[in-house]
Amino acid sequence: MTLSKSAKFLGAILALCCLFISPESIAQADVDQDLLVVQMTEIDAYSYGDMARSLKGNDQFSINEACVPGKLVVFNIDDNNLSREEAFQTLKGLIAEATELEAIELTEMSKSDFSSTCMDVRRGITGQ
């Protein structure tokens, strides 16, 4: 899939905007069954933009928060009929279809774990 320069630029801007979301804003102690914290080791601003555009208007999933430098994205499971595993497999297929990302893994991180990891990456504490 070839994108215009303006589409790539908008995707990069969208990803950069996600860097300024406060990770402390939504902390949670345990893994939330309505959220999927997904690690994508190859994600960058462009693939994040492709993914975000492809999920716009999707009634099964929405992006809750992203930490592109940390290679993590949190998704809401908007379809109550899906188990976490079914939701992940469906989401993984949608992401793979919209992007060239192949390394897509479900983590057992809580939202609090995600926030801490993302903050560490942004501060340069971890090597992600």
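Reading the values: the criteria
- Residues numbered from 1 in each chain as written.
- Predicted model: local features only at pLDDT ≥ 70, side-chain atom pairs only at ≥ 80, totals over all residues.
- Heavy atoms only, no water.
- Helix = DSSP H or I, 4+ residues; strand = E, 2+ residues; numbered from the N terminus.
- Buried < 20%, exposed > 50% of the residue type's maximum accessible area, 1.4 Å probe, protein only.
- Contact = heavy atoms within 4.5 Å.
- Disulfide = S-S within 2.5 Å.
- Core = buried A, V, L, I, M, F, W, Y, C linked by side-chain atoms within 4.5 Å.

**Things to note about the overall build of the protein chain**
The secondary structure content of the protein chain amounts to four helices and four strands. Starting at the N terminus, the α and β elements of the protein chain follow one another as α-β-α-β-β-α-β-α. Counting across all 128 residues of the protein chain, residues that qualify as buried make up 38%. Counting only contacts in the protein chain whose residues sit at least 6 apart along the sequence, the fraction spanning at least 24 positions is 72%.

**Details of the state of the cysteines**
Under the counting rule described, the total for this entry stands at one disulfide. The disulfide that involves C67 links it to C118, with 2.1 Å between the sulfurs. Between C67 and C118, the S-S torsion sits near 90°, and that sign places the bridge as right-handed. Within this pair, whereas C67 is found in strand β2 (residues 61-67), its partner C118 is found in helix α4 (residues 111-123), the two being separated by 51 residues in sequence. Of the two residues examined, C67 and C118, each falls in the buried class.

**A short note on the nonpolar core**
Membership of the largest hydrophobic core comes to 20 residues, with the highest contact counts inside it found for L36, M40, M51 and F75. Of all the secondary structure elements, the ones that give two or more residues to this core are β1 (35-40), α2 (45-55), β2, β3 (72-77) and α3 (84-98). Excluding its chain neighbours within four sequence positions, the residues that come into contact with M51 are M40, I43, I63, V73, F75, I95 and T99. Among the nonpolar cores identified, the runner-up in size contains seven residues, and V37, C67, L72 and C118 belong to it.

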